[in-house]
Amino acid sequence: MTHPLDSAHATVPENQTGADLIVDYLIREKVPYIFGLCGHGNIGFIDSLYARAEAIKTVSVHHESVCGFMADVFYRVSGQPCATFTSCGPGSANMPIALANAFFDSVPFLAVTGNVPTTQFNRGAFQETYRHFQADFPSTVRAYCKRVYQPTRPEQVAVQTRQAWKTMVTGRPGPVVLDVPFDIFKEPCSDGTPLPEAWSANIDCRAGASPEALRRALEMLLAAERPVILVGQGVRYGGASGELLQLAQRLKIPVAWSASGAGAIDSRHPLALGLIARNGAYQANHAARQADVLLALGVRFDDRTSSSWIPGYSFTIPPTRLIHVDIDPEEIGRNYPVALGVMADVRTFLRQLLGELDQRKTAAIAQPRLAWLEAIDGYRKQWNEFIAPGFAADTTPIHPQRAAHEIDRALPEDAILVSDIGVHHNWLLQFCEPRRPDSLIGSMGFGPMGFGVAGVLGAKLAAPDRPCVSVCGDGAFFMHASVLGTAFEYSIPVVWVVWNNYAYASIRGLQRGYLGGRELATDFRHPETGAPYNPDFAAMARSAGVEGVRVDRAADLNEAIKTGIASGRPYLIDANIGAELNPAGAGIWELPSLGRSKPGIGEPYTPGFGR
């Protein structure tokens, strides 16, 4: 008798194992790459990858977190989820940093982790996590991914593999772990591979807003005198940039972005306000804190974006009326009260809103809107005058603002810039002008060092015809210098700009700003001379087969980036950049019990007391 679900599974090949099924499923989901590191716990899985090498490319790395960062950025560029593989014990225990980064930035990838054989559960086998529960790797990552699946019998593999994929890509996306015991990889598996076209390909998760919510939102936007749109990652990776631009232009509403939303609208568009954050542009912060209606699309309102939620710096909610749209209802109303909260996919919501506008045909916009845009032009002029001196600085070490500007100038329009975490990220966010959603990629949720060092490899594999450049601090690069070997081994032509300021400079800045200059464990110094010290990163690169150069002036940095891109090979630039300055902005940041920073430009806005 034929089972009713037989048509939803592929025919079972002869001698198929659990690992064979997982690999076959990944191929059917059109996964082009799998990134990982070998171990005794996953050699059965690697054997199945070997058998299907013509259909899925395996890239071996030298540290497990690197493979997670590569899968993360591969998705941000291509929109196609990838997979990783790691072994039991310490191998997979190196994954939580990369998993958490993807989880808090809503990026999906499937982490296939090996575990000890089921017959050895709770016996303290080599690398088993067993003190509280047998084979308990899932507890290690439960807080850092959407779900952990652990098949312990061969007949569970098919069900849990397809469920893991569905969990990963539906709703608010995020990474999922498939933790597979050693023997399950190699046990015969009589179930056919689930067919994506039956189980996952036809699931539409782009939920929309109710007619009543659409009507209310549009009426609030049309009546507003000082509206602002704030966009986050939900717009960029939700594929909503085109709809955002249409709405902004039709309603003449200026658009600001959180750090995660940079590039959702062309930075040079007349309606583009810039970054809202503690180090954000004056016109962005000053417009948003005066807004009478704020339409927030796919944003979390974290402390850096919101100036630590202190009214008058980034936002003044209320009296600003907030329309908050997000696929995750938990984010709506988390940090600010809402005039209207809408649980919806942002692209669907924007399309619905545009459709509602089309139906009205003669939707009148409040007359003060033009005066509002003129006022914003004045704020923009003040900001441009404030930042102008840094663009002309010609010093050694290189002035950090000038460095960010030269990096931006050197990149072709289609380039992908992947930033690591550190003080350089703040400079890049301020002074680079991304033109498209994937022009500037960074991590703003979990913020792990190494994200940009390794993630740029994933960017290049996702977009082989586009220049891919990583800007990373000296501290982060030294943590993950093994990427040099991976880039050389697989001929991945990326460019690293090591922002070398001889310190964990962003943290040293906090010591200087909040702790009276009491600095410890943040500088890198020579043990005998006390002079700033770092390894010779250019020489380190050359030792790995990667071209490496050192630059000390801004113009040379510009030319070195162009040369590195043109080389068509992995290329490292050790850039000597000043560490004495931190980027000033119109917002603030509070570290409770230590105090608040001060805005570099402007004063807090108090409703009712002028603008």
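Residues numbered from 1 in each chain as written. Predicted model: local features only at pLDDT ≥ 70, side-chain atom pairs only at ≥ 80, totals over all residues. Heavy atoms only, no water.

**Student:** A description of the side chain of Thr113 should follow, citing residues and the corresponding values.
**Tutor:** With respect to the helices and strands, the residue Thr113 is situated in strand β4 (residues 110-115). A distance of 2.6 Å separates a polar atom in the side chain of Thr113 from a polar atom in the side chain of Asp179. (Helix = DSSP H or I, 4+ residues; strand = E, 2+ residues; numbered from the N terminus. Polar contact = N/O pair within 3.5 Å; in protein donor to acceptor, adjacent residues only side chain to side chain.)

**Student:** If you had to explain the sheet that holds strand β16 (residues 495-500) to someone new, which residues and values would you point to?
**Tutor:** Pairing is parallel across the open sheet formed by six strands, whose spatial order is β14-β13-β15-β16-β18-β17. Looking along the sheet, the strands with just one partner apiece sit at the ends: β14 (440-441) and β17 (547-551). Of the strand pairs in this sheet, β16 and strand β18 (residues 571-576) are connected by six bridges, and their pairing is parallel. Bridging across to β18, Trp499 finds its partner in Ala575. Sheet strands in contact with helix α16 (residues 400-410) are β13 (416-419), β15 (468-473) and β16, and its direction is about 170 degrees off that of β16. Against the sheet, helix α23 (residues 554-567) touches β15, β16, β17 and β18, its axis set at about 170 degrees to β18. (Pairing = 2+ DSSP bridges. Contact = heavy atoms within 4.5 Å. Axes fitted to C-alpha atoms, helices over the stretch in contact; angles between N-to-C directions.)

**Student:** How would you summarise the nonpolar core if you had to cite specific residues and measurements?
**Tutor:** Core analysis: the largest hydrophobic core is formed by 102 residues, its most contacted members being Ile229, Leu244, Leu297, Phe349, Ile407 and Leu557. For this core, the element with the highest residue contribution is helix α10 (residues 211-223), accounting for seven residues. With residues near it in sequence (within four places) discarded, Ile229 still touches Leu244, Leu247, Ala248, Ile253, Pro254, Val255, Ala256, Leu295 and Leu297. (Core = buried A, V, L, I, M, F, W, Y, C linked by side-chain atoms within 4.5 Å. Buried < 20%, exposed > 50% of the residue type's maximum accessible area, 1.4 Å probe, protein only.)

**Student:** How would you sum up the state of the cysteines? Please name residues and give values.
**Tutor:** All chains considered together, the criterion is met by zero disulfides. Cysteine Cys67 shares no disulfide, and the gap to the nearest cysteine sulfur, in Cys82, comes to 11 Å. A relative accessible area of 0% places Cys67 in the buried class. For Cys145, which is in no disulfide, the shortest distance to another cysteine sulfur is to Cys67 and amounts to 14 Å. Cys145 sits in the buried class, given a relative accessible area of 3%. (Disulfide = S-S within 2.5 Å.)

**Student:** Describe the sheet that holds strand β1 (residues 33-36), with residues and values.
**Tutor:** The pairing of strands in a sheet happens through backbone hydrogen bonds and is either parallel or antiparallel. Pairing within the open sheet is parallel, and its six strands lie in the order β2-β1-β3-β4-β6-β5. The outermost strands of the open sheet, each flanked by one partner alone, are β2 (57-60) and β5 (147-149). For this sheet, the mean inter-axis angle between neighbouring strands, taken without regard to orientation, is 25 degrees. With six bridges connecting them, β4 and strand β6 (residues 176-181) associate as parallel partners. Following the sheet pairing, Val112 is matched in β6 by Leu178. Relative to the sheet, helix α2 (residues 43-51) contacts β1, β2, β3 (83-86) and β4, its axis offset from that of β3 by approximately 135 degrees.

**Student:** Which residues make up the packing of helix α1 (residues 18-28) against α2, and what values go with them?
**Tutor:** At their nearest, the axes of α1 and α2 sit 9 Å apart, and the two run at 50 degrees to each other. Overall, the two elements α1 and α2 adopt an arrangement that is oblique. The interaxial crossing formed by α1 with α2 has right-handed handedness. Judged by residue contacts, Ala19, Asp20, Ile22 and Val23 of α1 engage Gly44, Phe45, Ser48 and Leu49 from α2. (Parallel < 35°, antiparallel > 145°, perpendicular 65-115°, else oblique. Left-handed = near helix turned anticlockwise from the far one by under 90°.)

**Student:** A description of α23 should follow, citing residues and the corresponding values.
**Tutor:** Counted at 1.5 Å a residue, the expected span for α23 with its 14 residues is 20 Å, and the 20 Å between its end C-alpha atoms agrees. Among the residues making up α23, those that are buried are Ala554, Leu557, Asn558, Ala560, Ile561 and Gly564. Down the axis of α23, the buried side of the element spans an arc of 165 degrees, and every buried residue falls inside it. With its phi angle positive at about 70 degrees, Gly568 sits one or two positions after the end of α23. (Expected span 1.5 Å × (residues − 1). Arc of directions from axis to C-beta.)

**Student:** So what's going on with the packing of aromatic side chains? Residues and values would help.
**Tutor:** In total, this model carries 22 aromatic pairs according to the counting rule given. Pairing Tyr282 with Tyr379 gives two aromatic rings, centres 5.9 Å apart and planes at 75 degrees, and the pair type is edge-to-face. Taken together, the positions of Tyr282 in helix α13 (residues 282-290) and Tyr379 in helix α15 (residues 368-392) put the pair 97 residues apart, joining distant regions of the chain. Look at Tyr282 and you get buried, because its relative accessible area is 8%. Summarising the aromatic geometry, the rings of Phe477 and Trp496 are spaced 6.3 Å apart at their centres and angled 65 degrees between planes, so their arrangement reads as edge-to-face. (Phe/Tyr/Trp six-rings, centres within 6.5 Å; stacked < 30°, edge-to-face > 60°.)

**Student:** How would you explain helix α14 (residues 346-360) if you had to name every residue and give the values?
**Tutor:** In this model α14 runs 21 Å from its N-terminal to its C-terminal C-alpha over 15 residues, within 8% of the 21 Å that 1.5 Å per residue would give. Taken together, the buried positions of α14 are Val346, Arg347, Thr348, Phe349, Leu350, Leu353, Leu354, Glu356 and Leu357. Against the buried residues of α14 lie α10, α11 (233-236), α12 (241-251), β10 (293-297), β11 (321-326) and β12 (340-343). Immediately beyond the C-terminal end of α14, within one or two residues, lies Lys361, with a positive phi of roughly 65 degrees.

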